[in-house]
Structure formats: C-alpha cells, structure tokens
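Chains, contacts and geometry: an overview
So the chains spell out like this:
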Amino acid sequence: MPSDASNSFGISAQLKNKLIQKSLQRRLKSQTQNLSDHGMHASHRLPSHDHDPAWRSPAPSIGIPAAYYSFSEMPAYQQLRIMHESGMRLKLANPFFKVHEGLGSGETVINGRTLINFACYDYLGMSADHCVQTAAKSAIDRYGTSVSASRIVAGERPVHRELEGALAAIYDTEDAIVFVSGHATNVSVIGHLFGPRDLILHDEFIHNSVLMGIKLSGAQRLPFSHNDWQEVDQVLQRQRQQFERVLIVIEGLYSMDGDIPDLPRFVDIKRKHCTFLMVDEAHSFGVLGEEGHGIRTHYGLNGSDIDIWMGSLSKTLAGCGGYIAGSTALVEHLKFLAPGFLYSVGMAPPLAAASLAALQRMKEVPERIVRLKKNSRSFLERAKAIGVNTGLSEGLAVIPVITGNTLQAVRLSDALYQQGINVQPIFYPAVPEASARLRFFMSCLHTQAQIDFTIQTLKSAMQAI
Ligand SMILES: Cc1ncc(COP(=O)(O)O)c(C=O)c1O
C-alpha cells in the first residue's frame, strides 16, 4: 500500500481521514435526524438511481412522506447509499459480496487470484474434507437434493435422526433437533418458548439472531455487561420475582471478540434464581475442548447443566442449519410446536449428511483441533508483539484487529487484499464505531508461513495507512 503521507494541499493522510470520517458521521447523523423527524428534506437526500423510471417513486399527492411508500427513500437504504458513496469517493473497493471461485477455506480464489483466507468459519477444514464431500454426494444419490416437505409430514429421512442422535451424544443430552438455518433456530426457539410475562437477560455482545428471537417472543429484554455474571446475579436478586420464566443467553465463544464466558458461574446463577440458561455454540463448537466438543467439555460440565444448547451447522460442521440439544421435553416441544421447524422444510439430505460426516471426522482427525489451537495462539502472540490491539481475544479461532474507526478498517482490509490476504472489515452497526475492526477467523489449514506473512504484511500496512 503506497504511503500517501500528504496530499497536494499539504494535509496529512491521517488528518484527511479524520475529516472524511467526521463528514461521514455528520451526514449520517443529519440523515437520521431528518428521518426521525420524518420530513426527508430534499437537500439531504442522496441522488439515487431513481433516474430509472422503473424505480421512481410516485409523486406525493396526499401528504404522506416518500419514506413511507418508497423503498429508495427508506432511512436504512439512504444510510447505505451514504456509505457506498463515501466508499466510492475514497476510492475504496467494496469489501462485501466478493465472489469466491472455489472452496473458501484456509485459502480462497477471488478474481482468479489465490489469497490467504481469514473470512470463513471452516475452522477444521471440514468443507474441504473428502469424506465430508463424499457423504454429501451419496446422500444426494440416495435421497435427492431436497426432502420437499416439513419433517412432520413427509420430510423425515434417516440421516436427520442420525445427525440429531450424534449431536445429543456429544452434548450428553437426551435429544437434539436440527433446523434449516442457524439464525432461524435462535429466532424460532426463543420466539416460541418465551412470552410477554417473561424476562430474557443476554450478554451485550449477543448475536443478532438472539435479539430477533427476543423481539418475536415479546419478553422483556435486559442486556448485561459483557461476561458479567455478577451483574446478572444482582439483577435477578432484585427482579426475579416480577417474571414468570427467565432466560439467560450467552455465547460459547464471542464471534466479534474471541473471548469466552465463565460458564460455571452462569450455571450457579441460573440454579440460584430458577431460570433457564441458553448457550449459543456457533463459534465454540469445534474450537473449544480437547475433542472440539465445545465449551461444555472445556469446563467439564454435564449436558444437563445447561437447559438449551444451541449451535450452528454452518461453521465447523460444514453444512447449513442450526441445532438445539437438551431434554426430551424441550426437543419434543420444539418438534411439534416451534413454527420455524414445524412449518419449514426438513434439512436437505446432503447438508445433514455433511454435518454428520464432519462430526465423525472430528474423531478421526484430532490433530486438526490441535493445529487450529496452535495457529490461533501463534497468530495472537505475533499480532500482540507488533502492537496490534486484539481486544479481548483469547486466541481461540477468532482474533479481531481493532482499528478504532470504519475508514481505517476498510483501508486496512483493502491494503491486505492487495497483498493477497482476504479478511473482512467489521464496523457499525455490527460493532460500535470506536471498535471497528478486521476480524481474523483462523483455520487448521493455515500454515505457519501464511501466518507469519500475514503478520508482516499487517505490520507494514498499518504503518502505511
Ligand atoms: C453466535 C451466532 N449465532 C448464530 C448464528 C447464525 O448461524 P448461521 O450463520 O448458521 O445461520 C451466527 C452466525 O454467524 C452466530 O455467529
């Protein structure tokens, strides 16, 4: 990345960045203000692609603001266009929707170039695994590509129950159930099990799918400070009696920050206050525990210590979907009553077979789990040694590089991309503006040479921008 220390007006690159950042923030703020006043002043409106007659909004004739009947005038879309426009003005390549031309694992190919890839969650290289791929292909030969119905009517196949049985065995629970999407698992399960007379306490860094589930449930929502089990205890001390059911939701490994909760403390609290505890293992399964079996084995807990184990099949398990493991009562309940399961198609056979095979492969190739841990530790140590702000990361597959503002994150991601490294920038609203970052997802497939090259490149790119 060429260092443009000063431009033709003698303004330093850093100052220029700050000015652009401030102007962008001002525009977003004024946009939000205008929209919340719902006046949509024309002077602040972006030129959109409404010159295409097909997209043009009808002229307002009865005093209804355009934002109420035109997609192109909707606040969120206007903000998106401000971001795009700013990116174009800064000549930054759009970091989103890059097309990967093959496997997105430790390496990937984009625009014909092979890059070291830190943007996918194939932690144990299962999506690239021959046995996993063969299992998926055989399932297609036997059952086709889709079960074409909800499982309760005509969509059940042996591979569904085999997968659920394998998950229940790993979690040491009575049963498990798989859903067709990880996100929809949280939405549907939380949305169905809880209601307006209940309280849901969640970590402030919890995933969007949990928040959407809470919204659907109509329960009272109370975020608590990240990993702060003492705060949860205090809140429940004061408020437990005001609610019927109470659910505490945490993640096994936080996907933005790469740290883990003190799970035994949360178990104590849930017992003390008679609540439910749910752990989302989307990123901890495959990563924590000697066999990769997640945070339960990391802390040596029993399956029944947690009421709702949730996980995603799209990360370590090389498929697509989500799962819940727990008691028979919980699983039966969801099987017959949760709308996202009952009224949705059963999991596609090749996906169920791929995840089942990945579970089996985890037993056969334990060296991959060791390698993933070694790679993660190595990356974190080296990043810290060059002065990178890695936030709370514990060196467990997820390592943020905190830049502190969006522009720096996008610039750094772009600079690394030019040098053959694919890593995604993350910024507001996914994280607060001051903690905008790059997020490195490690894989057991990364080599030490790739890690060393990435750290060296990161160091020079950070100095240059
Ligand atoms: C913590 C967490 N929960 C749930 C999900 C949703 O899972 P999926 O992407 O498989 O739908 C994600 C997705 O990244 C996640 O990070």
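Residues numbered from 1 in each chain as written. Predicted model: local features only at pLDDT ≥ 70, side-chain atom pairs only at ≥ 80, totals over all residues.

Overview of the overall build of the protein
Summing up its helical and strand segments, the protein has 16 helices and 13 strands in all. Counting across all 465 residues of the protein, residues that qualify as buried make up 44%. At a minimum sequence separation of 6, the contacts of the protein that also span at least 24 residues come to 69%. (Helix = DSSP H or I, 4+ residues; strand = E, 2+ residues; numbered from the N terminus. Buried ≥ 20, exposed ≤ 12 C-beta atoms within 10 Å, placed from the backbone. Contact = placed C-beta atoms within 7 Å.)

A closer look at the sheet that holds strand E2 (residues 113–117)
The sheet built from 3 strands is open, its strands ordered E1-E2-E11 with mixed pairing. Among the strands making up the open sheet, the edge pair consists of strand E1 (107–110) and strand E11 (421–422). Where E1 meets E2, 4 bridges bridge the pair, whose relative direction is antiparallel. Within E2, the position partnered with Val109 by the bridge is Thr114. (Pairing = 2+ DSSP bridges.)

Section: the site of the ligand
Taken together, the neighbourhood of the ligand is formed by 14 residues, with Gly182, His207, Ala282, Ser312 and Ser314 sitting nearest. A class-by-class count of the residues in the shell around the ligand yields 1 nonpolar, 11 polar and 2 charged. (Near = placed C-beta within 6 Å. Nonpolar A, V, L, I, M, F, W, Y, C, P; charged D, E, K, R; others polar.)

What to know about unusual backbone geometry
A cis geometry characterises the amide bond from Tyr428 onward to Pro429, with omega recorded as 10 degrees. In this model, Ser148 sits at a positive phi of 60 degrees, which is unusual for a non-glycine residue. Take Ser148: it is sitting in the loop between helix H3 (130–143) and helix H4 (151–155).

Focus on the nonpolar core
If you look at the biggest cluster of nonpolar residues, it comprises 116 residues, and the most contacted ones within it are Ala176, Val279, Ile324, Ala353, Ala354, Ala358 and Phe440. Both domains that meet at this core, namely domain 2 (107–124 + 366–464) and domain 3 (130–364), each give it at least three residues. Those residues within four positions of Phe440 in sequence are excluded, and the remaining contacts are Phe118, Phe379, Ile399, Val401 and Val423. (Core = buried A, V, L, I, M, F, W, Y, C linked by C-beta atoms within 7 Å. Domains from an automatic or database assignment.)

Re the packing of H3 against helix H13 (residues 349–364)
With their axes 8 Å apart at the nearest point, H3 and H13 run at an angle of 145 degrees to one another. Judged by the twist between their axes, the crossing of H3 over H13 is right-handed. Where H3 abuts H13, its residues Cys131, Val132, Ala135, Ala136, Ser138, Ala139, Ile140 and Tyr143 lie against Pro349, Pro350, Ala353, Ala354, Leu356, Ala357, Ala358 and Arg361. Looking at the contact of H3 with H13 residue by residue, the class counts come to 14 nonpolar, 1 polar and 1 charged. (Axes fitted to C-alpha atoms, helices over the stretch in contact; angles between N-to-C directions. Left-handed = near helix turned anticlockwise from the far one by under 90°.)

Quick word on the sheet that holds strand E10 (residues 398–402)
Strand order in the open sheet made by the 3 strands is E10-E13-E12, with antiparallel pairing throughout. Each end of this open sheet is capped by a strand with a single partner; those strands are E10 and strand E12 (424–426). Adjacent strand axes in the sheet meet at a mean angle of 35 degrees when their direction is disregarded. Two elements, E10 and strand E13 (residues 437–441), share 5 bridges in a ladder whose sense is antiparallel. Within the sheet, the bridge partner assigned to Val401 lies in E13 and is Leu438. Contacts from helix H14 (residues 366–385) reach E10 and E13, with the element oriented near 15 degrees to E10.

Description of the environment of Gly319
Position of Gly319 among the secondary structure elements: in the loop between strand E8 (308–312) and strand E9 (322–326). Taking the C-beta count within 10 Å as the criterion, Gly319 has 27 such neighbours and is therefore assigned buried. Along the backbone, Gly319 and Ala358 are 39 residues apart, and their C-alpha atoms lie at a distance of 8.9 Å. Setting aside residues up to four positions removed in sequence, Gly319 forms contacts with Leu313, Ser314, Leu351, Ala352, Ala354 and Ser355.

Some thoughts on H13
For H13, which comprises 16 residues, the first-to-last C-alpha distance of 22 Å matches the rise-based estimate of 22 Å (1.5 Å per residue) to within 8%. Of all 16 residues in H13, 13 are buried, a share of seventy percent or more. (Expected span 1.5 Å × (residues − 1).)

As for the environment of Pro261
Take Pro261: it is sitting in the loop between strand E6 (246–251) and helix H9 (263–272). Sequence-wise, Pro261 and Asp228 are 33 residues apart; in three dimensions their C-alpha atoms are separated by 8.5 Å. In this structure Pro261 touches Asn227, Ile250 and Phe266, once residues within four positions along its chain are discounted.

Regarding the pairing of E9
The buried count for E9 comes to 5 of 5 residues, which makes it a mostly enclosed element. Here E9 shows a buried face lined by Gly322, Ile324 and Gly326 and a second buried face lined by Tyr323 and Ala325. Relative to E9, strand E3 (residues 175–179) runs antiparallel, the two being bridged by 5 bridges. When the bridges of E9 are listed, Val178 appears paired with Tyr323.

Looking at the packing of helix H15 (residues 406–418) against helix H16 (residues 448–464)
One way to put it is that H15 packs onto H16 with a least axis distance of 10 Å and a crossing angle of 130 degrees. Considering their axes alone, H15 and H16 lie oblique with respect to each other. Between H15 and H16 lies a crossing whose hand is right-handed. Mapping the contact onto sequence places Leu412, Ala415 and Leu416 in H15 and Thr457, Leu458, Ala461, Met462 and Ala464 in H16. Among the residues making up the contact of H15 with H16, the classes are represented as 7 nonpolar, 1 polar and no charged. (Parallel < 35°, antiparallel > 145°, perpendicular 65-115°, else oblique.)

A few points about the confidence of the model for the protein
Reading predicted coordinates in detail is not appropriate for stretches of low pLDDT. Mean pLDDT for the protein: 90, with 87% of residues reaching 70 or above. Residue range residues 1–13 is modelled with pLDDT below 50. Its contacts to residues more than four positions away, or to other chains, number 14 contacts. A low-confidence stretch, residues 35–54 (pLDDT under 50), is modelled with 28 contacts involving residues beyond four sequence positions or located in other chains. (pLDDT = per-residue confidence, 0-100.)

Looking at the pairing of E6
The element E6 is extensively covered by neighbouring structure, given that 6 of its 6 residues are classed as buried. On E6, burial covers both faces: Val246, Ile248 and Ile250 on one face and Leu247, Val249 and Glu251 on the other are all buried. Here 4 bridges tie strand E4 (residues 199–203) to E6, and the two strands are oriented parallel to one another. In the strand pairing of E6, Leu201 is matched with Ile248. In this structure, E6 lies alongside strand E7 (residues 276–280), joined through 5 bridges in parallel fashion.

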